[in-house]
Each structure stands twice: as C-alpha cells, then as structure tokens.
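Below, each chain spelled out in residue letters.
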Amino acid sequence: MITETGLITSNRCIARNLWRLEIEVPEIAYAQSQPGQFIEILVDVTWERPLRCPMSIAGIQDNRLSIIYKTIGISTHSLATKQSGETISIIGPLGNSFSIAGAGSIPVLVAGGVGLPPLLWLHQILTKQNITHYLVIGAQTGEEHFVKTDQHKNIYLTTDDGSLGRHGTVIPVVESIIDKTNNIYIYACGPEAMLAAVQDTAFEHNIGGQLSTESYMACGFGICQGCVVKRRDFKQADHSYNLRYALVCQDGPVFNMGELYFG
Amino acid sequence: MITETGLITSNRCIARNLWRLEIEVPEIAYAQSQPGQFIEILVDVTWERPLRCPMSIAGIQDNRLSIIYKTIGISTHSLATKQSGETISIIGPLGNSFSIAGAGSIPVLVAGGVGLPPLLWLHQILTKQNITHYLVIGAQTGEEHFVKTDQHKNIYLTTDDGSLGRHGTVIPVVESIIDKTNNIYIYACGPEAMLAAVQDTAFEHNIGGQLSTESYMACGFGICQGCVVKRRDFKQADHSYNLRYALVCQDGPVFNMGELYFG
Amino acid sequence: MADLSVKIGSVDFKNPIFTASGTFGYGTEVSDLTDISALGAIITKSITLHSREGNPPPRIVETTGGMINSIGLANIGVDQFIAEMLPAYKFFETAVIVNIAGSTVEEYCQVLKIIDAVSSNIAGYEINISCPNVKEGGMAFGVSADTTARLTERLRKLTERLIILKLSPNVTDITVIGKAAQEAGADAVSAINTLVGMSINHLSRESNIFTTYGGLSGPAIKPIALACVHKLASSLEIPVLGIGGITAIPDVVEFTLAGATAIQIGTANFRDPDIGRKIVFDLVEYCKQDKIESFDSLIGQVRVFQ
Amino acid sequence: MADLSVKIGSVDFKNPIFTASGTFGYGTEVSDLTDISALGAIITKSITLHSREGNPPPRIVETTGGMINSIGLANIGVDQFIAEMLPAYKFFETAVIVNIAGSTVEEYCQVLKIIDAVSSNIAGYEINISCPNVKEGGMAFGVSADTTARLTERLRKLTERLIILKLSPNVTDITVIGKAAQEAGADAVSAINTLVGMSINHLSRESNIFTTYGGLSGPAIKPIALACVHKLASSLEIPVLGIGGITAIPDVVEFTLAGATAIQIGTANFRDPDIGRKIVFDLVEYCKQDKIESFDSLIGQVRVFQ
Ligand SMILES: Cc1cc2nc3c(=O)[nH]c(=O)nc-3n(C[C@H](O)[C@H](O)[C@H](O)COP(=O)(O)OP(=O)(O)OC[C@H]3O[C@@H](n4cnc5c(N)ncnc54)[C@H](O)[C@@H]3O)c2cc1C
Ligand SMILES: Cc1cc2nc3c(=O)[nH]c(=O)nc-3n(C[C@H](O)[C@H](O)[C@H](O)COP(=O)(O)OP(=O)(O)OC[C@H]3O[C@@H](n4cnc5c(N)ncnc54)[C@H](O)[C@@H]3O)c2cc1C
Ligand SMILES: Cc1cc2nc3c(=O)[nH]c(=O)nc-3n(C[C@H](O)[C@H](O)[C@H](O)COP(=O)(O)O)c2cc1C
Ligand SMILES: Cc1cc2nc3c(=O)[nH]c(=O)nc-3n(C[C@H](O)[C@H](O)[C@H](O)COP(=O)(O)O)c2cc1C
Ligand code: FES
Ligand code: FES
C-alpha cells in the first residue's frame, strides 16, 4: 500500500465508453503488483465526490501502470477528460491477486464487461509463459469489444445482442470448453450475475477456480467495512470485523470458487 | 439579460493573483453593456459550488468581453485553470451602470483592488472621448498593480505597503486632486471601507459621484434577495422587497454618492 | 407524449415540476431568461401581513454542494402582493401557489383570508412553518405537532383551495408533524425546507451570515430530503411535494420513486433560472425512452431491500 | 512552536486533531499509509458486547459532497477487542479513545466495565448514542434527553476515565441532549454523528443502501455540524469535540472558532488516511504564520453579528 502521485502518460478511448489510462507510478509499479489487484484513484481534488475510485490494474510495464475503465458516472466521466501530463493521486497496489493454478491445469479466463482488465493482464502473463489457456469475453454489444476474436489463440467473444461473436452470455462458451478439455481451472471477473452463473457451472462440473468481484467501497484498504460480500461458509477469519462477511478490498477482490454467496 | 455559452479566447495572469479572461459572447457583447455592469459566470458544471460567480465587465471589444479577476477561493482558482478553446456559460449583462457626469465636470476614477475592472473600462471610454479625467488605483502591494503610473495621463497608484506609487490609501491622492481641481465628479469601486472613506471625503467637499459596490449574490438577477445593501435614506422604491435595502444586482451595483449606508 | 399531469387534492397540475418558494421571486422577475409557462406551478416567495425588510447582510454564503441563506422572509407584504402580483398572475399559463408565513396563527389566517377573498387565479397556499432564519414564527411552528395541527385546522376553515404545509427537517421525527397536518385537513405536505447551518470565514473569524445561523439548501441536502420524503410518503395518505437539491432529471425520478407527487426546484434556479423548463423538456424525453405512459405511475415505486 | 495541546476533562492531548469513530478502523490498519503518532487521539470503531456482522450490502454510496453509510456497527466485539487491540495500543504514541455502542443501558455498561477493568492504555470512552443505521440502540438513545441522562449517569459511576457522549444531529434541539449529558456527568460531548439520508439508483429504481436509510457524512454536512457545535459550545460548560466534513486547516479553524476544543476527521480518512497527520503539520505552520501561541486560544472566538 503506497500513496503516490502519478503522471498520466496516455488516456484514450478504445471502444464505446471504454478508456485506457496509462500512469507513471514507479513505486507502485515496482511493488510487485499481481493481476487481480487494484488501485484507488483520486479523480478530482474537489469534494463534489469525496471518495476515490477503485480500478483494477490492467497491466504494468516498467514504471507504468494501466487501467481500462468504462465511463458510467461522475468520476469516470471526469477521468476521461484528463490529459497526458496531468498528475493524479493513486493508492495501491490493493487487495489480493489471482494465484496461478497448479501445473498441468488449463486456465479458462472468463470476463464480463469491465471485469476484463485484470484478466487481460493475467492473459498477457500466461501468454508470455507459454501456458495454453482460453479467454472468453462477454459484453452487451459489439461496440464494447476491443479485443479481437482469435480461435487460434483461444480467444472467444460473446455479446448479449449478437452483434459480435457468439450471441448470448459467456456460459455456453465456457461449457463447450469444459466439454472438450480436461483439467481446466477458471478465472472469472465480471458482474455478479455472471460470477454466480460461472460458479454454478463450475459446481456442476466440479471445476475449481477463482472469482474476482466488486462492491461499493469507501476506502479500499480496510477501514470503512463498506465493501462486504457474503460468504457461503462463514468460518474463515479475515479482515472483516465479523465472519459472515468478507471485505472485497482486503480479503478479495479474488475469492476461491465456492467461497462467496451470491443472491 | 441573456444566457449564453461563451468561448474562452484567452486567460492569463497579469499580476500577482490577478488574471484577465477574454470570452467570445456575441449576444451579450452586442447587448449594449455599459461600464459598471457585470456578468454571472458558471465556472464549473459540477455542483461542488452551486452558484455562479459575479464579475464586473472590464471591457468589450467587438464580440469579446473581458473580465479581470483575483484568485481568492475555489471558483476563482478554478477559473484560472481554464484554457482558451473551452466554453463557459455566462448570464449578462446584469445590473445598472455608471452614468456619464454632466458636461464640464472632471471625472476622478477611484479604484481599490478588484474594483478596478469596471473603472478601467470607463477610463478607456473617457480616453477615447478625449475627456480629461483622473485615475487613482490603490492596492495592498506593488505586485498587484498592472497599470503603470503616468502623471501625464493623470494615472496615480498607491500601495498600502509603499512598495509602489504613493504609500497609503487612495484618499490623500483624491484629496490632492480635489485641492487643485474644480468641478470634479467621483466614480469609485472597491472594498467597502474604501467606498465609505470616499463617500466621507465627497461629503466633506460637497462633491457628487457614483459608487459601485459588491455583496454576496446567489442569483445576480433579482430572485434571491441575497445581495442587499443598506440605504441611508430608505424611501426610494426599487427591486428589493423592502425600502430599507437595495439590491446590488438590480438597483446597483452603481449607486449615487450618498445613497448607501456603510458600517 | 407521456402524461405528466399530477393531481394534488382536487387540483390538476400539468406537470410535477414546480419552483420552490423564495428561489423564483414572485415568478415575474425572470421572464427574459425562461418561459415559466412550461412549469407545473410556481410557488411565490413567502408573504406576510406587512412588508418585511428581512435580515441585514451578509445573507448568503456558499458551502460544499450547497449554500446558506438568511433572507429573513423579506417580502413585499400582502397588500402590495395583491396590488401588483395577483393581476399579473391572470396572464400566467402556469399554476400559482402562494406561500404564506407569519409570526402568529392569527397572522397566517389574516394573510390567507385577505388573498383568498380577492383572488381567483391561484391554485392554493403553501404554509411556511419551517423558515430557520427568523426569530418569530416560521420554524417555531414547524417543530411542534400541536401548533402545526392548530394552525392547519384554522386555515382549513378559511379556504377551499389547496393547503400545503411546508415542513422542516430540523426535527426528530418529521412524520409526526406530517401526520398532524394531515389529520387537521392539509391537502398535502411539502418537504423539506432548509436545514439549520453555519459558516465562518476562517480568515476574518467572522460569521459569514449576519444571523449566525441560516438555512442550508442545495445538492448537499438531497439525501436528507429524500429520506424525509420517503418517510412522509410511507406514513401519510396525502401527497408529498419533494424539495431539496434537485438539479436534473435523475433527481426528479429519485424523488418521485421515493414518493413525491410533485417536486420543487430551489437553489438550482439561481444557477440557471431556465432549469425548470429544461427539466420538463427532459422529462418528456425520459418518459419516451423508458416507455412510461403516465409519469405518476412512478410515485413511490422505489424498491427497498427491507 | 505553538502549543497545540488541549485539555478535555483531566486529560491532556498533544493536539486537537483526532480521527472519528468508524472511519479509521481500530487504528492499526493503515500504518503503511500514515504515521498515527502525529495525531492527538484516535477513536476506535464502535465496540459492542458481542461481535456484530453489521448490515447486508450495499452499505456505501456517494452523494454530492458526501457519502451515505450503513455499516450497522459491524465490529469485533469486546472480547476480541481486548485480546487483539488493547495490547497493540501499548505501543501507540497517540491517545486512544474507545467508542462504545449498545442496544440497552446494560450493554453499554457491561462493555465499559469489561474494558475499564483490563485497560491502562486508553484515555477514555466515547459513547455512541447516535448511530442512525441500526434498529436497536444507537440513535434511539440519542434523541431522548431522559435516556441520555440515565445512560450517562450509569456510565459515570463505572469509570474515572473520560466519558464523551456522541450526539445526533437528527433532533429538534441538540442542546437539550447536550445539557442532559453534562448534568449527568459527561466530561465532554462530540457532535455530530451522521444525518439520516437516502439515495436511490434512478436506473434500477433500487435503494442504494440495503437498510433504505443510512448516515450522511462528509463536507456536505459541515454547515450543519458547525451550527450544532456552536450551539452546544454556547450553552454547555464542558468541552465540545467537533465532527463533520473536516478536510483541511480552514475547517479545523472554523470548528475551533465555533467552540470545538478538539476536532475529529471522518470521511476524509477514506480519501487520504494520511490526512490527519498532514493537518497537524499544517496546523503548526498556520500558528506560526498567524503568530498564535496556543491554538486553544481560538476556541469559541468566532465574531457573530448578533
Ligand atoms: C475492486 C474494484 C475494481 C474495479 N475495477 C474497475 C475497472 O477495472 N474498470 C472499470 O471501469 N470499473 C471498475 N470498477 C468499478 C468502478 O470503480 C466504478 O465504475 C466507478 O467507481 C464509478 O464511478 P462514477 O462516479 O463514474 O459512477 P457513479 O456516478 O458513482 O455511478 C454511476 C452508476 O454506476 C454504479 N456504480 C458506481 N460505483 C460502483 C461500484 N463500485 N460498483 C458497482 N457499481 C457502481 C452506480 O450505482 C450508478 O448506477 C471497479 C470497482 C471495484 C470495487
Ligand atoms: C457585482 C460584483 C462584481 C464583481 N466583480 C469582480 C471583479 O471584476 N473581479 C474580481 O476579482 N472579483 C469580483 N467580484 C468578487 C467575486 O465575485 C468573488 O471574488 C468570487 O465570487 C469569489 O469566489 P471564490 O469561489 O473564488 O471565493 P470563495 O471560496 O467563495 O471565498 C474566498 C474568500 O472571498 C470572500 N468572498 C467570496 N465571494 C465574495 C463576494 N461576492 N464578495 C466579497 N467577498 C467574497 C469569502 O468570504 C472568502 O473569504 C465581484 C462581485 C460582485 C458581487
Ligand atoms: C435564498 C432562499 C430563500 C428562500 N426563501 C423561502 C421562503 O421565503 N419561504 C419558504 O417556504 N422557503 C424558502 N426557501 C426554501 C426553499 O423553498 C427550499 O425549501 C429549500 O431551498 C430546499 O430546496 P433546494 O435545496 O432545492 O434549494 C428559501 C431558500 C433559499 C435558498
Ligand atoms: C463508514 C462510516 C462508519 C462510521 N461508524 C461509526 C461508528 O461505528 N461509531 C460512531 O460513533 N460513528 C461512526 N461514524 C460517524 C463518524 O464518526 C462521524 O461522526 C461522521 O462520519 C461525521 O464526520 P465526517 O463528516 O467527517 O465523516 C461512521 C461514519 C462513517 C462514514
Ligand atoms: S473498502 Fe473500506 S473496508 Fe473495504
Ligand atoms: S443576487 Fe439575487 S437578488 Fe440580487
């Protein structure tokens, strides 16, 4: 956990309402961040919005960290107006990270919407390490996709409206991968409904994996207790003040398959 | 009264904490604005600050209006970050204006701090019309002065700390002008204490004139009743809901010498 | 086009976008800057029996997301109001609700009687029992259920027109006051008036408001207003008019979902006196996009978890 | 260097910059991001007799200039607190005040007794009678002068350490509650806790907070907090701790001028957990520039007009 003033080196639109921001934050970049971790950005120093904005790390290269964000409200729209050369305060790296599955298992990365950024980074690392894996990306419409389908690289896209890739959710694609592949291990990040469906599918086929989830956060580092999610089995001690809930910001955002209760 | 989206054509620092902003607002510029009138600027569309910022018009040239402002708080500091090319919403022209004194009288313009902008414009007009007049400008320190002393043009500066021009307030200079000149007429704009002193001096020498004053405003156009100043003689009907007070935004900002009660 | 009309008591308003008392003058001041005929109603500055000079300046200061005012019910008084304003209202194409204030039950009654006797152009009265900036009257009424009931009962007997009690959030339980108003015959309540607030200039060490305390309004208070409206709407039968920090369509939708039959725009008028008209325009678009036939079908439809 | 120390009851604090309950955990969580030894005191998350799971999510939402929370007093309970936290406080170079909550007078007393029996490292207790997010306890106490007096009296008998009653702004007259606390023996009061607020997602039409209502905090509420502090300081003899929207030196100065002996930083910690240390640093500078020898000479020095 470091507070650092970052220098914006690029900020551009990469798909409908999706932006990619690159920031020089040497201290955070060299703090051994891992895919799954996130940062808290102080988008504006005014107090119209008192809180920072949590964003998953989408990659780190040398002293630069990147995020990919969707403009949905006040802070994210304001973030999209920032220019290279401006500075911005960042706290990070925060939260836990995906842990690499046991040797021999085949990772299947399942991303929905802005759940993609951390998995893109994981995908990059797996590719570098020459580990065979799948990447399944779901979005509402084709305009939100900025990664290209590539069957040779095992990259599959889906859209809710059928405008690009497979029509429907990511689940049928995941199931077809399960059908033809042994020893797979799932990494999923996306909206709660998707995570719940992925977890159901994993249960059905008795497959292990990790889910990265979101929640509303006031701090991002354990002092507000605002970011709780319900555990299925609440016996495990953690950073939350009570065993029923886990803190997304410290016990997560990555949880083991089966750890969380959705619904 | 017009609401118009203005295009910023320049915004630069002209003295310590003093900035000059130029905006293209054709409709307002051609609405026959006069020195003394002001505009209401929506500095930021966020709601950290809900109200607009009142600023005197410092001049109009073709379709461009300029203001001169001091960075003292949230809105004015934010205004100083605006770049040419950005747009900004303006309501104006607002309030009444200085009326030109009778033929033969010699105008003495007395400005304190950010009371200068409207008088600079008046000075410009008088100069164009070849009307002999004086301009006395007071500031706390020399760093706040951006107009040059010029005895030939009857421009005199004072500073509270003596770092530039005459040491002290504007009053001794005004008195020395009174001493050597007949038939003078005063136009003053500045902090309340200065206006009170000018009014006292005018009374003493039985000199007429006009004072432009400020107050906290919520609207700028008569619907909040927030901007009141006390009248000395409260028998005159005006825009305020009661005769004791006058509205700076509509009955002012310019009042006749002797009209207001200070203290 | 969607049906935007709403009914309060027996009166139909063409849409639920009103302007709040004290933030739109008497409705005649800003005709240069907006078209008031677009609005569902305008609510006048509070009227008292005699013209009031109001509080000394400073009366206004900005705060984070809001502002404090201490106008002190400055107003032209009922006689001048009748002489100058009522005739103008004949030509208004929007409903007018007259806001009344007083320091005694008697004063409220007299003002209402005087206006009611001569006016045929107004929809009704909003009774301000919640002004935090004056010593007499105002909030002293609004914090007591008894006084509220007594005042409402008396006024109810004097007119057939709408009587809307404007409630203060500066109380332990606003529903108690709302119920008192309802039982005494009010047609509706409006909520909220401003919250008691203070501001100090840290440099001069002076209070930024002459009366030390003033009324806080603007987006800063919206969550408090929304809670009051939801509580009132959940516990009363009569309509609730929502007020507090409304600046755009999402706010209007939120207040409506919380239970407001109509809403009032206050502080936002100072930034943009045309905002009410714009919101009415946006509301038409909003209903079209969301395929809403009658906007009033949204009233109270918020989904709460428990 | 200016003297920043302040005295509350018989306890000296090295400076008046405290962190507010529930916004700084137990003081042990953010050692990476700040140096808590700079602070005058930290106030712990509310402690109850048993560990509480708190309210279901969503618990947090942002508003203009503020945020709503409904944590619901989630906490580790007094046993775990004693086992894990008290030992850590031995090594703290800043004072610790333990905030206590309960659903019955008995529960508050038990928690205080248990802690007081084993602890030698704490300066005193802040009694939370003003949490708006839980059904039992909390605010139910804080809105009644009687209950406040009864609770304070009982607690007073149990300890020599500081007893600070934390008051709710959700009342008609906060000074009545403050006086009840003072007369029953409280060493100080702190004000304010959060205001009851609501937020709705206009798209999904759902409440943004599981419990429908939550507590509003942040700069949006600062004017309300300042008014409460000024009223309390003007009517009580005991010190007032100011809380509400404090983010920087001007806020600290304003609360002090209004009458606060010390201040607490809440919501701003979430944006910058180092903010308290920075403010202490800035306070030294401020006093130097303004040639202030003892910062406490500013307490209550606001100039009001009437
Ligand atoms: C650990 C974590 C990692 C995240 N990573 C990313 C990322 O990589 N890319 C990305 O685009 N977004 C990410 N988010 C979500 C991002 O933080 C929110 O979209 C952002 O804070 C919204 O701010 P806003 O002011 O623009 O929206 P607001 O104006 O606050 O809200 C707009 C809409 O978005 C919803 N919303 C706001 N905040 C959240 C939230 N925290 N969770 C769910 N819904 C919300 C609101 O209910 C509202 O409907 C992440 C969130 C968390 C907790
Ligand atoms: C009719 C009129 C014409 C004006 N013309 C000019 C001009 O030409 N150039 C210029 O620089 N300024 C002018 N002002 C003053 C200007 O409006 C304020 O300085 C500005 O609004 C301050 O905004 P802020 O957010 O930066 O300061 P804030 O953060 O609001 O306040 C900073 C400090 O300034 C004080 N302050 C804020 N607003 C006012 C105000 N309206 N009057 C007096 N003190 C205030 C506050 O008490 C505080 O101490 C004019 C004001 C009026 C009413
Ligand atoms: C400058 C000002 C003057 C006001 N005057 C009155 C008034 O005369 N009578 C009244 O009932 N309410 C008055 N109010 C309260 C508003 O009608 C409204 O209830 C309050 O401002 C909250 O709404 P907002 O947040 O949209 O401003 C006034 C508010 C402001 C800001
Ligand atoms: C997330 C959160 C949790 C809080 N928890 C507590 C608590 O457990 N006990 C308590 O007395 N106050 C609690 N508070 C109230 C704060 O201590 C403080 O009184 C309030 O937030 C106002 O200050 P601020 O505007 O600086 O945040 C909490 C506030 C927040 C925002
Ligand atoms: S976000 Fe504050 S504890 Fe997790
Ligand atoms: S500023 Fe609103 S009436 Fe003058």
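Residues numbered from 1 in each chain as written. Chains lettered and ligands numbered in written order. Predicted model: local features only at pLDDT ≥ 70, side-chain atom pairs only at ≥ 80, totals over all residues. Heavy atoms only, no water.

Visitor: When you look at the site of ligand 1 in this model, what are you seeing that I'm missing?
Guide: Taken together, the neighbourhood of ligand 1 is formed by 21 residues, with Pro54, Lys70, Ser75, Thr76 and Tyr216 of chain A sitting nearest. Around ligand 1, the neighbouring residues derive from chains A and D rather than from a single chain. Measuring from an oxygen atom of ligand 1, one finds a backbone N or O atom of Pro54 of chain A at 2.7 Å. In this structure, an oxygen atom belonging to ligand 1 sits 3.0 Å away from a main-chain N or O atom of Gly73 of chain A. Taken by itself ligand 1 offers 880 Å² of open surface, and the protein chains cover 83% of this. Taken together, the elements giving at least two residues each to the shell around ligand 1 come down to strand E4 (53-56), strand E6 (64-70) and helix H2 (74-79) of chain A. Counting residues per element, the shell around ligand 1 draws most heavily on E4 of chain A, at four residues. (Near = heavy atom within 4 Å. Polar contact = N/O pair within 3.5 Å; in protein donor to acceptor, adjacent residues only side chain to side chain. Areas by Shrake-Rupley, 256 points an atom, 1.4 Å probe, with all protein chains shown as cover. Helix = DSSP H or I, 4+ residues; strand = E, 2+ residues; numbered from the N terminus.)

Visitor: I'm lost on the sheet that holds strand E9 (residues 162-166) of chain D in this one. Help?
Guide: In any sheet, the strands associate via hydrogen bonds between backbone groups, in a parallel or an antiparallel arrangement. Residues and elements named next belong to chain D. Read around the closed barrel, the eight strands follow the order E3-E4-E7-E8-E9-E10-E13-E14; overall the barrel is parallel. When the angles between neighbouring strand axes are averaged without regard to direction, this sheet yields 25°. Inspection of the sheet shows strand E3 (residues 17-19) paired to strand E4 (residues 41-43) by two bridges, in the parallel sense. Looking at E4, one finds that Phe18 is bridged to Ala41. Relative to strand E8 (residues 124-128), helix H2 (residues 105-118) is tilted by about 160°, and along the sheet it contacts strand E7 (95-100) and E8. Sheet contacts for helix H7 (residues 249-258): E3, strand E13 (240-243) and strand E14 (260-265); angle to E14, the most-contacted strand, approximately 145°. (Pairing = 2+ DSSP bridges. Axes fitted to C-alpha atoms, helices over the stretch in contact; angles between N-to-C directions. Contact = heavy atoms within 4.5 Å.)

Visitor: It is not clear to me how the relation of the copies chain C and chain D should be interpreted in this structure. Could you clarify?
Guide: Copies of the same chain, two in number, are related to each other by a rotation about an axis and a translation along it. Superposing chain C onto chain D takes a rotation of 180° plus a shift of 0.0 Å along the axis, which leaves an RMSD of 0.0 Å. Read as a symmetry element, the transformation amounts to a two-fold axis. (Least-squares fit on C-alpha atoms with pLDDT ≥ 70 in both.)

Visitor: What exactly am I supposed to notice about helix H6 (residues 222-235) of chain D here?
Guide: Along an α-helix, residues three or four positions apart point the same way, because every turn accommodates 3.6 residues. Here H6 of chain D is 14 residues long and its end C-alpha atoms lie 20 Å apart, about the 20 Å a rise of 1.5 Å per residue gives. Summarising burial for H6 of chain D: ten of the 14 residues are buried, a large majority. (Expected span 1.5 Å × (residues − 1). Buried < 20%, exposed > 50% of the residue type's maximum accessible area, 1.4 Å probe, protein only.)

Visitor: Would you mind showing me how to read the pairing of strand E12 (residues 184-189) of chain B here?
Guide: Within a regular strand, the side chains alternate between the two sheet faces. Residue and element names in this part refer to chain B. With six of its six residues buried, E12 lies for the most part within the structure. Side chains Ile184, Ile186 and Ala188 project from E12 onto one buried face, and the interleaved Tyr185, Tyr187 and Cys189 project onto a second face that is buried too. As defined by bridge partners, strand E8 (residues 106-112) adjoins E12 across six bridges and the pair is classed as parallel. Bridge pairing in E12 places Pro107 opposite Tyr185. By the bridge criterion, four bridges tie E12 to strand E13 (residues 209-212) in an arrangement that is parallel. Its bridge partner lying in E13, Cys189 is registered against Ser212. This β-α-β element, E12 to helix H5 (residues 192-205) to E13, shows right-handed connectivity. (Right-handed = clockwise from strand over helix to strand, strands pointing away.)

Visitor: Before we go on, may I ask you to explain the pattern of salt bridges in this structure?
Guide: Residues and elements named next belong to chain A. For the coordinates displayed, the defined rule picks out 34 salt bridges over all chains. Salt-bridge contacts for Arg16 lead to Glu143; the nearest nitrogen and oxygen are separated by 3.1 Å. Taken together, the residues Arg16 in the loop between strand E1 (2-15) and strand E2 (18-24) and Glu143 in the loop between strand E9 (134-139) and strand E10 (155-159) connect sequence positions 127 residues apart. A residue is classified by how much of its surface remains accessible, and Glu143, at 49% relative accessible area, is partly exposed. A salt bridge links Arg64 to Glu24, with the shortest nitrogen-to-oxygen separation between them at 3.7 Å. Separated by 40 residues along the polypeptide, Arg64 in strand E6 and Glu24 in strand E2 bring together distant segments of the chain. Here the salt bridges do not stand alone but share partners, grouping Arg20, Glu22, Glu24 and Arg64 into one network. (Salt bridge = Lys/Arg side-chain N within 4 Å of Asp/Glu carboxyl O.)

Visitor: Is there a simple way to think about the packing of helix H4 (residues 171-180) of chain B against H5 of chain B in this case?
Guide: Any two packed helices are characterised by the angle at which their axes cross and by the distance between the axes. Residues and elements named next belong to chain B. Two elements in contact, H4 and H5, have axes whose closest approach is 10 Å; the angle formed by their N-to-C orientations is 20°. One element, H4, and the other, H5, form an angle in the roughly parallel class. Handedness of the crossing formed by H4 with H5: right-handed. Contacts between H4 and H5 involve Ile171, Glu175 and Ile178 from the first element and Ala197, Val198, Thr201, Glu204 and His205 from the second. In terms of residue class, the contact of H4 with H5 is built from four nonpolar, two polar and two charged. (Parallel < 35°, antiparallel > 145°, perpendicular 65-115°, else oblique. Left-handed = near helix turned anticlockwise from the far one by under 90°. Nonpolar A, V, L, I, M, F, W, Y, C, P; charged D, E, K, R; others polar.)

Visitor: Would you mind going over the nonpolar core with me for this structure?
Guide: In a soluble, globular protein the nonpolar side chains are often hidden away together inside. Formed by 277 residues in total, the largest nonpolar core has its most connected members in Phe81 and Ile127 of chain C together with Phe81, Ile115 and Ile127 of chain D. Look past the residues within four positions of Ile115 of chain D in its chain and what remains in contact with it is Val78, Phe81, Ile82, Leu86, Val98, Ile122 and Tyr125 of chain D. (Core = buried A, V, L, I, M, F, W, Y, C linked by side-chain atoms within 4.5 Å.)

Visitor: Please explain the domain arrangement of chain A as it appears in this structure.
Guide: Many analyses report the size of an interface as the accessible area lost when the parts associate. All names here are of chain A. Domain parsing of chain A yields domain 1 (2-94) and domain 2 (106-215). When each unit is reduced to the centre of its C-alpha atoms, the spacing between domain 1 and domain 2 is 24 Å. Of the residues lining the interface, 15 residues belong to domain 1; the matching set on domain 2 comes to twelve residues. Between domain 1 and domain 2 the total buried area reaches about 1,300 Å² when both faces are included, carbon and sulfur atoms providing 70% of it. Per-residue buried area on domain 1 facing domain 2 is highest for Arg16, Pro35 and Ile68; these three make up 37% of the total on that side. Our count for the domain 1 to domain 2 interface comes out at one salt bridge. Between domain 1 and domain 2 we count one residue pair in polar contact (both at pLDDT 80 or more) in total. Taken together, the elements giving at least two residues each to the side of domain 1 that touches domain 2 come down to E1, strand E5 (59-61) and E6. (Domains from an automatic or database assignment. Buried area = accessible area lost by both parts, 1.4 Å probe.)

Visitor: Which parts of the structure should I look at to understand helix H4 (residues 171-180) of chain A?
Guide: Residue and element names in this part refer to chain A. Within the sequence span of H4, burial applies to Ile171, Val173, Val174, Ile177 and Ile178. The arc that holds the buried residues of H4, viewed along the axis, is 165°, so those residues lie on one side. Exposed and facing more than 90 degrees away from the buried side of H4 are Asp179 and Lys180. Lining the buried residues of H4 we find strand E8 (106-112), E9, E10, strand E11 (166-167), strand E12 (184-189) and helix H5 (192-205). (Arc of directions from axis to C-beta.)

Visitor: Explain the site of ligand 2 to me, please; I cannot follow it from the model alone.
Guide: Taken together, the neighbourhood of ligand 2 is formed by 21 residues, with Arg49, Pro54, Ser75, Thr76 and Tyr216 of chain B sitting nearest. Per-site note: the chains with residues close to ligand 2 are chains B and C. Pro54 of chain B places a polar main-chain atom, nitrogen or oxygen, 2.7 Å from an oxygen atom of ligand 2. Within the side chain of Asn201 of chain C, a nitrogen or oxygen atom sits 3.1 Å from an oxygen atom of ligand 2. Here ligand 2, which alone exposes 870 Å², has 83% of that area covered by the protein. The element that contributes the greatest number of residues to the shell around ligand 2 is strand E4 (residues 53-56) of chain B, accounting for four residues. Class assignment for the residues of the shell around ligand 2 results in twelve nonpolar, six polar and three charged.

Visitor: Help me understand the side chain of Ser33 of chain A, please; the structure alone is not making it clear to me.
Guide: Residue and element names in this part refer to chain A. With respect to the helices, strands and loops of the structure, Ser33 is situated in the loop between helix H1 (26-29) and strand E3 (38-42). Within polar-contact distance, the side chain of Ser33 engages the backbone oxygen of Ile28 at 3.3 Å. Discounting chain neighbours no more than four positions away, the residues touching Ser33 are Ile28, Ile57, Ile60, Pro93 and Trp121.

Visitor: Looking at this structure, I do not really get the confidence of the model for chain A. What am I missing?
Guide: Detailed reading of the predicted coordinates is not advisable wherever pLDDT falls low. Residues of chain A with pLDDT of at least 70 account for 98%, and the chain-wide mean is 92. Looking over chain A, one finds the lowest element-wise mean pLDDT in E11 of chain A, namely 90, and the highest in E3 of chain A, namely 98. (pLDDT = per-residue confidence, 0-100.)

Visitor: Just checking my understanding: could you explain the interface of chain C and chain D for this structure?
Guide: At the interface, 50 residues of chain C touch 50 residues of chain D. Summing the contributions of chain C and of chain D, the shared interface buries around 4,400 Å²; its carbon and sulfur component is 64%. Taken together, the connections running from chain C to chain D amount to zero salt bridges. In this assembly, chain C and chain D are joined by eleven residue pairs in polar contact (both at pLDDT 80 or more). The set of elements that each furnish at least two residues to the side of chain C that touches chain D consists of strand E11 (195-198), strand E12 (213-217), helix H6 (222-235) and helix H7 (249-258) of chain C. The biggest single contributor to the side of chain C that touches chain D is H6 of chain C, with six residues. Looking at the side of chain C that touches chain D residue by residue, the class counts come to 28 nonpolar, 15 polar and seven charged.

Visitor: Can you walk me through the interface of chain C and chain B in this structure?
Guide: Each partner contributes residues to the interface: chain C has 38 residues there, and chain B has 29 residues. Regarding the contact of chain C and chain B, the summed buried area is about 3,000 Å², with carbon and sulfur atoms giving 61% of it. Together, Glu62, Phe270 and Arg271 of chain C form the three largest contributors to the area buried by chain C at its contact with chain B, with a combined 28%. Counting across the chain C and chain B interface gives ten residue pairs in polar contact (both at pLDDT 80 or more). Contributions of two or more residues to the side of chain C that touches chain B are made by strand E5 (60-63), strand E6 (66-69) and helix H8 (268-271) of chain C. In terms of residues, the side of chain C that touches chain B owes the most to one element, H8 of chain C, which gives four residues.

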